[in-house]
Amino acid sequence: MDAQELQNLIAAGESDAVEFKEHIAGKWKELKTKLAIAICAMANTDGGTVLVGVSDNGGVTGVEEEQTLFEEKLKDILHTGFNFPITAQLHRTQVGDKWIQEVKVRKYRGPEPLTYQKHIYVRRGASSVEQSPHERQELFNVFGFFLTEDQIIPNSGLTNINPEKFKNYLSRFGIDVIDDPQPSFEQDLLNREVLSKQFQEVTCTLYGLLCFGYSPQQFLPFAAVELSTYNGLTRADDILFTRTCGGTVQEQIESAVAAVRELYRFENFDELVRRDEFLLPLGALRELVANAVVHRDYNISGSKILIDIFHDRVEITSPGELPNSLTPAKILSGGIIRSRNEKMANFLLAMGLVESRGRGIPRVRKLMRDYNGTGLEIENDREVRFVRATLRIR
C-alpha cells in the first residue's frame, strides 16, 4: 500500500476491517494488549488491517521505534500471543516525516476460535469486543462444526485438482464447460470455493481436495475409510481382512461398498435362477458411509472413518460428536439435519450417492426392517468424540 492509498484508508475512518492504534514511546505493554485484542477480533471475524501510528481521530502520529525491532515485537504477538500461532502481513509506509506500521490480518479458520489470554474477541462495527455466551456458542459452531471444509490446506494448489472430476460435477447441473462461456479454470474453482486465495496465495480448501483432488491423502492421510472384518464379536478377535479406502469422498464410498459386495456376496438359487445376496442391504451401507463422510469432524486429524464387520453386526464409526442439542433420537426420527460439511453433502447429493435431505436415515431403517426385521442403532460418545451407527446382521 503506497502513501496515498494509506491516507485514503485513514480518511475513511475505522470500521469492522480497519482499526487505528497510536504508538506512544515507553508504553509497549499497553499497546501490546490492545494490538493483540484487535488482531484476535479481526482473525475471528473477516480479517482486516491494524494501522499502528494513527490516533483514534485519524491523525498520523507515527511509530517512534526502529522498524526491525518493532516488527519483531509484532511477530512475537502473532507467534506466541494466542492459543494458535497465526500469520499476518507486516508493512511499513512513510507518510510525510513519519512512518506507519500496517498489520494485515487474514481470516482465521482453525479447529477452534482464536483466543487471547483465554478470551475470545470479535469485531462489532469499529470495536473489538468479547463475546456474549450466545455469540461464543455460535462462533464455536462456525469453527468447530459448520466450516471445517473451508479450511485451506497448506502447500496445496491448482495442480492438485483434477479438472475432469470438476467438469463431471458441473455437468450434473447441465453446465457445458466447453461450449458455454466460462471463467478461467482457476477463477471457476475460486468462485466455487474449491480453491481459496489470500494474499495472492492460491491453495486448495479441504472441500476442494476431498471432492476433486488427484490424491487427497497426500495432504490429508487421515481423511479415509478403513474397513476391517473380525473373526468374532469384538475388536480383540482376529482380523480377517483390512483395507483402507482412499481417494476423493466419492471414491472412498464406492471403494468401501465394493469391498463389502465382493467379500460378502452369496449365491442363492430359486427355481434354478441364481440370485446374489449380500451381508446387508448395500443401499443402507452406502447411505451410512456417505453420512459418515459428510458429518465427520475433519479437525480430528488422527482418526479415519471405520467400518468394522463382526459376526453379528456392522459398525460405521465417524470421528466427532453430534453438535449442540442434536441427539441420536432426533436423527432416527428423520428430521432434516444441517451437515457439518455442507458443500460435501451437496456434492454427494449431486453425484447420486446420498438420498435427498431427510430421506436417508428413514430409508436405511426401512431397508433393514425389510431385510431382517432389525433397524438402525446410533451412539453418540461426547467424551471420546465419535458417532457410531450399527446394523445388526444376525
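See the structure shown above.
Only a predicted model underlies this, so the values are computations on that prediction, with no experimental measurement involved. Numbering of residues starts from 1 in each chain and follows the order in which that chain's sequence is written. Only residues with pLDDT of at least 70 are given local features in this predicted model, and only at 80 or more are side-chain atom pairs given and counted; all residues enter the totals for whole chains, interfaces and linings. With hydrogens and water set aside, each side-chain value is computed from the structure's full complement of heavy atoms.

Enquirer: I tried to follow the packing of helix α9 (residues 282-295) against helix α12 (residues 360-372) on my own but got confused; where do I start?
Expert: Each pair of packed helices can be described by the angle between their axes along with the distance between the axes. The angle between two axes is taken between their N-to-C directions and runs from 0 to 180 degrees, where each axis is a line fitted to C-alpha atoms and a helix contributes only its stretch in contact. Under the scheme used here, helices are H or I runs from DSSP no shorter than 4 residues and strands are E runs no shorter than 2 residues, and both carry numbers assigned from the N terminus. Their axes nearest at 9 Å, the elements α9 and α12 cross at an angle of 150 degrees. Classified by the angle between their axes, α9 and α12 sit roughly antiparallel to one another. α9 and α12 meet at a crossing whose hand is left-handed. In this structure, α9 uses Gly283, Ala284, Glu287 and Leu288 to contact α12, whose residues at the interface are Gly360, Ile361, Arg363, Val364, Leu367 and Met368. Classification convention: Asp, Glu, Lys, Arg as charged; Ala, Val, Leu, Ile, Met, Phe, Trp, Tyr, Cys, Pro as nonpolar; all other residues, Gly among them, as polar. Across the contact of α9 with α12, the residue classes tally to six nonpolar, two polar and two charged. Note that the term roughly parallel is reserved for angles under 35 degrees, roughly antiparallel for angles over 145, roughly perpendicular for angles of 65 to 115, and oblique for everything else. Should the near helix be turned anticlockwise from the far one by less than a right angle, the crossing is left-handed, and should it be turned clockwise, the crossing is right-handed. The contact criterion used is simple: two residues touch if any of their non-hydrogen atoms lie within 4.5 Å.

Enquirer: Where do I start with the sheet that holds strand β11 (residues 239-245) in this structure?
Expert: Backbone hydrogen bonds are what pair the strands of a sheet, in a parallel or an antiparallel way. In this analysis, strands are considered paired if DSSP registers two or more bridges between them. Strand order across the open sheet formed by six strands is β11-β10-β14-β15-β17-β16, with mixed pairing between neighbours. The open sheet has two free edges, formed respectively by β11 and β16 (376-381), since each of these has just one partner strand. Strand-to-strand twist in this sheet, taken as the mean axis angle between neighbours without regard to direction, amounts to 15 degrees. Each of β16 and β17 (386-392) is contacted by α12, which is oriented at about 30 degrees to β17, the strand it contacts most.

Enquirer: Explain the packing of helix α2 (residues 28-44) against helix α3 (residues 67-80) here, please?
Expert: Where α2 contacts α3, the two axes come as close as 10 Å, and the packing angle between them is 50 degrees. Viewed along their axes, α2 and α3 adopt a mutual orientation that is oblique. Along this stretch, α2 crosses α3, giving a crossing that reads as right-handed. Judged by residue contacts, Trp28, Leu31, Lys32, Leu35, Ala36 and Ile39 of α2 engage Phe70, Lys73, Leu74, Asp76, Ile77 and Leu78 from α3. Residues of the contact of α2 with α3, tallied by class, amount to nine nonpolar, no polar and three charged.

Enquirer: Sorry, what's going on with the side chain of Arg296 here?
Expert: When you line up the elements, Arg296 lands in the loop between α9 and β14 (305-309). Asp297 provides the closest opposite charge to the buried, salt-bridge-free Arg296, at an N-O distance of 6.7 Å. Residues within four places of Arg296 in sequence aside, it is in contact with Phe222, Ala223, Ser303, Lys304, Ile305, Ser318, Pro319, Arg340 and Asn341. The rule is simple: take the accessible area with a 1.4 Å probe, protein chains only, and divide by the maximum for that residue type; under 20% is buried, over 50% is exposed, in between is partly exposed. This count recognises Lys and Arg as positive and Asp and Glu as negative, with His and chain-terminal groups excluded. The salt bridge definition used is simple: a Lys or Arg side-chain nitrogen within 4 Å of an Asp or Glu carboxyl oxygen.

Enquirer: So what exactly am I meant to see when it comes to the packing of aromatic side chains here?
Expert: Any pair of aromatic rings gets described here by the distance separating the centres and the angle formed by the planes. Think of it this way: a Phe, Tyr or Trp ring, Trp meaning its six-membered ring, pairs with another when their centres are within 6.5 Å, and the plane angle makes it stacked under 30 degrees, edge-to-face over 60, tilted otherwise. Enumeration according to the criterion identifies 11 aromatic pairs in this entry. With a centroid separation of 5.3 Å and an interplanar angle of 55 degrees, the aromatic rings of Tyr169 and Phe212 are classed as tilted. A residue pair is termed long-range when its members are at least 10 positions apart, and Tyr169 in helix α5 (residues 163-171) and Phe212 in helix α7 (residues 206-212) qualify at 43 residues. Comparing Tyr169 with Phe212 shows no difference in burial state: the two are buried. Measuring from centroid to centroid gives 4.9 Å for Tyr230 and Phe310, while their planes differ by 15 degrees, and the two rings are stacked. Linking Tyr230 in strand β10 (residues 225-230) with Phe310 in the loop between β14 and β15 (313-319), this pair joins segments that are 80 residues apart in sequence. The same class applies to Tyr230 and to Phe310, which are both buried. Among the aromatic residues, those joined into a cluster by ring pairs are Phe166, Tyr169, Phe185, Tyr207, Phe212 and Phe347. Counted as over-ring charges are cases with an Arg CZ or a Lys NZ within 6 Å of the ring centre that also lie within 35 degrees of the ring normal. For the cation-ring pair, Arg296 lies above Tyr298, with the distance from its terminal atom to the ring centre recorded as 4.7 Å.

Enquirer: I keep staring at empty space enclosed by the protein and nothing clicks. Help me out?
Expert: With a probe scaled to a water molecule rolled over the atoms, the places where space remains empty come into view. Space inside and on the surface of the protein is sampled on a 1 Å grid over the protein atoms alone, with a cavity defined as a set of points where a 1.4 Å probe fits but cannot get out and a pocket as an open set with protein on both sides within 12 Å along at least 5 of 7 lines; lining residues have an atom within 4 Å of a point. Grid points are joined across faces, edges and corners, and a volume is the space filled by probe spheres set on the points. All told, the structure shown has two cavities of 30 Å³ or more when counted by the stated rule. If you add up the space inside the second largest cavity, you get close to 30 Å³. Every residue lining the second largest cavity is listed: Arg106, Ile152, Ser196, Lys197, Gln198, Glu201 and Thr203. Going through the elements one at a time, β8 (195-198) and β9 (201-205) are the ones with two or more residues in the lining of the second largest cavity. For the lining of the second largest cavity, the element with the highest residue contribution is β8, accounting for three residues. Of the residues assigned to the lining of the second largest cavity, the class counts are one nonpolar, three polar and three charged.

Enquirer: Looking at this structure, how should I read helix α1 (residues 3-11)?
Expert: Residues that lie three or four places apart on an α-helix share one face, since the helix turns once every 3.6 residues. Under the rule applied, a polar contact is a pair of N or O atoms within 3.5 Å (in protein, one hydrogen donor and one hydrogen acceptor; residues adjacent in sequence only if both atoms are side-chain atoms). Capping of α1 at its N-terminal end is provided by Asp2; its side-chain oxygen lies 3.2 Å from the backbone amide nitrogen of Gln4. Phi turns positive, to about 85 degrees, at Gly13, one or two residues after α1.

Enquirer: What is the right way to look at the pattern of salt bridges in this model?
Expert: When charged atoms on two side chains of opposite charge get close, those side chains can pair. For the structure shown, the criterion picks out 22 salt bridges. Glu315 is paired through a salt bridge with Arg313; the nearest N and O atoms lie 2.8 Å apart. Under the relative-accessibility criterion, Glu315 is labelled buried at 7%.

Enquirer: How should α5 be read in this particular structure?
Expert: Taken together, the buried positions of α5 are Phe166, Tyr169 and Leu170. Down the axis of α5, the buried set is contained in an arc of 100 degrees. They therefore lie on one face. Packing partners of the buried residues in α5 comprise α6 (185-191), α7 and α11 (342-350). By the N-cap criterion, in which a side-chain oxygen at the helix start approaches the backbone nitrogen of a residue two or three places on, α5 is capped by Asn162, the distance to Glu164 being 2.9 Å. As used here, the arc belongs to the directions running from the helix axis to the C-beta atoms.

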